[in-house]
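Chains, contacts and geometry: an overview
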Amino acid sequence: MEAEAARRRQAREAARYYSSQDVPRRLEETLNALFPLRPADLYGELANSFSKFSKAPVICKLVGRKVLDGVGRPTLEVEIYCIIKNYEKRVCSTVISSHSQVLENALSEATEADEKERNDSVNTAVEWVNEALNTLLRDLKPTEQCEVDKILGEYFTKKVEEEKEIQMEKEEEEAAAPPLPSCVPSTTALLGGKKGFMAGAERTIPPAEPAESVLCGSSAIGATSLAVARAGAAVSHMPLYSYIALLKHDQDLPKELTVPLPMVSLLNCGKFSPGKLKLMKEIMLIPPVQLPLKESIERVLNIQREVVKLLEAACKGPSPQLADKKKSGAHGTGKKVLPPAIKRISHLGCFVTGFDNLEQPVLLIQAACSNIGLELGTDMYLAINCAAHELMDYNKGKYEVITGTFKSPDEMVDMYVELITNFPSIIALVDPLRKEDRQQWDNVCDALGSQCHLLAEDAATGISRPVTDQDMNLPKCSGAVLKYLNQTKVSDLLELTGLLHGQRHITILGSPDGECSDDSLVDLAVGLGAKFIKLGGLCRGERVTKYNRLLAIEEELARNSTLR
């Protein structure tokens, strides 16, 4: 009898509980709605119907771990776990590159120091994620991107202040210690540094701005912000690019989205290439805007294969003749293309080879296009990453464009004007000058701004972080290459692209030198409305993965009739 009474009491309590949660009414409505449909999987349909009444997922755990990037160096992975329908589930993970540049031809001491610094930074980032950030973000909804990024920003600011206090204590201790006799020469006697001390320089140039300091562990901020965005997209049952577009447009998803034009790296003949030419760190192919991406990639691969044939043939016998100059608008003198052999595939995913002058690599690509029935400047265009900041000889106050050939900032402007005049198929120059040569940025933009894009990449290094005012400290340019690194948050990219577009600058999303296999950058570029995306070449898995993602997005947008 007691057991029966207890059972009835429990039944009454259950009835009151379910009634308070409005279960009977909702169940009746759901059953009535499903009966005419008679679904094949009735219980599956019931589960779907009731799932919309479940509580919104909340973050329950963050997991950070050290993984390897595309060049075998340590970087950070962040996993997001959420409570979904009363169960803990792993929703997503993201990997962020912990560095923007890969050291080339560096001394072993510099390489070891760089590796140690990178290891320490990743270890610190893993600690931040697994301890402090794991606690701070617990019970937040993954769809609350602004709130998450606010917490991440406050935590990072706190860490910056702590680091400043530590540095001040060290300086006070050093100041209190008795000075030691020094045999180090004075700063003004040291040459070759980026301080603007140029004994015998023809003209004083602005000294290099100090490099932006990177706080040890800062990649935890960017990786966590991006991981939360991916989690928000996953629980909202939409692709990341659509989710980013929603955030950018205040929850009003555009009817159409644009796939950015790829800037595909083909050749590397920069500072550390085997030839005399130092100016062209990357020579990139840009397909015509009207060409579907799938056809664009096929065309790039065809040109790449033909370039390889020409490079290999150059080692075995006479070099190929130039294509007809009239087709490309080049005003050459009938020279032949004389490229050396391909040395290797760089970490950028393109062929490392050497040339002796500015015209040779362009003429090589022109010949390759002509051989397969394409016209450079119509069927394919070129962009050049000049990486001029790597070429400044601070003793001479000039850029070493070709081994032994130095040009002042003003002479660089004249050289670019001549290059674009001779080769109008070049429609973009990246970092044609140092950030500090602002007058020459003005001059080159005035001279070439209507003919090609003048883009800041290294010159825009400092803007991928929170913006405190409308001044992004950019030289005069057509646009900026943004990279998702370190403490950059998703909210920062949303703000930066808004400012750039408001100032009529174009936005390019670029992958760092030390890339990883995470393809989130592509979704960011599409969602943010970037005009170009700079992913490197088609010769490394971590870069090809992103091109495959770009192809998949274009196909999905076309299928849904939302491709602009």
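Our subject in this report is the structure included herewith. No experiment lies behind these values; they were computed from the predicted model shown. (Residues numbered from 1 in each chain as written. Predicted model: local features only at pLDDT ≥ 70, side-chain atom pairs only at ≥ 80, totals over all residues. Heavy atoms only, no water.)

**Describing the layout of surface pockets**
The condition is simple: Think of a 1 Å grid over the protein atoms and nothing else: a 1.4 Å probe that fits but is trapped marks a cavity, an open set flanked by protein within 12 Å on at least five of seven lines marks a pocket, and residues with an atom within 4 Å of a point count as lining. Grid points are joined across faces, edges and corners, and a volume is the space filled by probe spheres set on the points. Helix numbers and strand numbers start at the N terminus; a helix is a DSSP run of H or I with at least 4 residues, a strand a run of E with at least 2. Residues are grouped as follows: Ala, Val, Leu, Ile, Met, Phe, Trp, Tyr, Cys and Pro are nonpolar; Asp, Glu, Lys and Arg are charged; every other residue, Gly included, is polar. Throughout, the edges of the domains are those of an automatic or database domain assignment.
Considering only enclosed or pocket space, the second largest pocket measures out at about 580 Å³ in volume. Considering the residues around the second largest pocket, the lining is formed by 16 residues, among which Phe50, Phe53, Ser54, Lys55 and Asn86 are closest to the centre. Mapped onto the lining of the second largest pocket, the elements with two or more residues apiece are α1 (2-20), α2 (23-34), α3 (42-51) and β2 (74-84). Partitioning the lining of the second largest pocket into residue classes produces nine nonpolar, four polar and three charged. Counting contributing residues, the lining of the second largest pocket receives three or more from each of domain 1 (17-53) and domain 2 (59-166 + 215-237).

**Comments concerning helix α11 (residues 409-422)**
Just so we agree on the cut-off: Here a helix's expected span is defined as the number of its residues, less one, multiplied by 1.5 Å. Accessibility here uses a 1.4 Å probe with only protein chains present; expressed as a share of the type maximum, an area under 20% marks a residue as buried, one over 50% as exposed, and anything in between as partly exposed.
Along its 14 residues, α11 runs 20 Å from first to last C-alpha, staying within 8% of the 20 Å computed at 1.5 Å per residue. Within α11, burial applies to Pro409, Met412, Val413, Met415, Tyr416, Leu419, Ile420 and Asn422.

**Structural notes on the pattern of salt bridges**
Definition in use: By convention in these notes, a salt bridge is any Lys or Arg side-chain nitrogen within 4 Å of a carboxyl oxygen on Asp or Glu.
Evaluation of the coordinates by the stated rule reveals 26 salt bridges. Salt-bridge contacts for Glu77 lead to Arg65; the nearest nitrogen and oxygen are separated by 3.2 Å. With Glu77 in strand β2 and Arg65 in strand β1 (residues 58-68), this residue pair connects regions lying 12 residues apart in the sequence. Of the residues examined, Glu77 reaches a relative accessible area of 12% and is grouped as buried. Judged by its relative accessible area of 32%, Arg65 is partly exposed. The residue Asp446 makes a salt bridge to Lys476 at a minimum N-O spacing of 2.6 Å. Of the two residues, Asp446 sits in helix α12 (residues 438-448) while Lys476 sits in the loop between β13 (453-456) and β14 (479-482), which places them 30 residues apart along the sequence. The class for Asp446 is exposed, based on a relative accessible area of 56%. Since its relative accessible area comes to 41%, Lys476 is described here as partly exposed.

**Topic: empty space enclosed by the protein**
Tallied over the full model, the rule gives three cavities of 30 Å³ or more. Lining the largest cavity are 14 residues, with Val95, Ile96, Tyr484, Glu515 and Leu521 sitting closest to its centre. Going through the elements one at a time, β3 (87-96) and α14 (520-528) are the ones with two or more residues in the lining of the largest cavity. Of the residues forming the lining of the largest cavity, the biggest block, three residues, is contributed by α14. Tallied by class, residues from the lining of the largest cavity come to eight nonpolar, three polar and three charged. Counting contributing residues, the lining of the largest cavity receives three or more from each of domain 2 (59-166 + 215-237) and domain 3 (242-313 + 341-560).

**Re the state of the cysteines**
Our working rule: By disulfide we mean two sulfur atoms from cysteines, separated by a distance within 2.5 Å.
Enumeration over the complete set of coordinates arrives at zero disulfides. The thiol sulfur of Cys452 is not disulfide-bonded, and the nearest other cysteine sulfur, from Cys445, lies at 8.7 Å. A relative accessible area of 4% places Cys452 in the buried class. Free cysteine: Cys539, not disulfide-bonded; nearest cysteine sulfur from Cys350 at 8.0 Å.

**Looking at the pairing of strand β5 (residues 280-286)**
Filter applied, for reference: Two strands are said to pair when DSSP picks up at least two bridges between them.
Within β5, seven of the seven residues are buried, which leaves the element mostly enclosed by the surrounding structure. Direction of pairing for strand β4 (residues 261-269) relative to β5: antiparallel, over a ladder of four bridges. By the bridge assignment, Val264 is partnered in β5 with Leu285. Taken together, the five bridges between β5 and strand β8 (residues 381-385) define a ladder with antiparallel strand orientation. The residue bridging Met284 from the neighbouring strand is Ala383, located in β8.

**Here's the deal with the sheet that holds strand β10 (residues 398-402)**
Strand order in the open sheet formed by three strands is β9-β10-β11, with antiparallel pairing between adjacent strands. Of all strands in the sheet, those bounded by a partner on one side alone are β9 (392-393) and β11 (405-407).

**Quick notes on the packing of helix α8 (residues 293-316) against helix α15 (residues 541-559)**
To be explicit about the condition: Between the N-to-C directions of two axes lies an angle of 0 to 180 degrees, each axis being a line fitted to C-alpha atoms and, for a helix, fitted only over the stretch in contact. Roughly parallel means an angle under 35 degrees; roughly antiparallel, over 145; roughly perpendicular, 65 to 115; everything else is oblique. The contact rule is simple, with two residues in contact once any of their heavy atoms fall within 4.5 Å.
Close contact between α8 and α15 brings their axes to 9 Å; oriented N to C, the two are set at 150°. On the basis of their axis angle, the class for α8 and α15 is roughly antiparallel. Residue-level contacts link Leu293, Lys294 and Ile297 of α8 to Tyr547, Leu550, Leu551 and Glu554 of α15. Looking at the contact of α8 with α15, its residues break down into five nonpolar, no polar and two charged.

**As for the pairing of β2**
The two faces of a sheet get side chains in turn, since along a regular strand they alternate between them. The buried count for β2 comes to 10 of 11 residues, which makes it a mostly enclosed element. Here β1 runs beside β2; their pairing, made up of 10 bridges, is antiparallel. Residue pairing across strands places Lys61 opposite Tyr81, the latter belonging to β2. Two elements, β2 and β3, share nine bridges in a ladder whose sense is antiparallel. Paired with Cys82 across the two strands is Lys89, which belongs to β3. If you look at the hairpin formed by β2 and β3, you'll find two residues sitting between the two strands, and Lys85 has a positive phi there, around 55°.

Geometric values such as these leave the question of function open.
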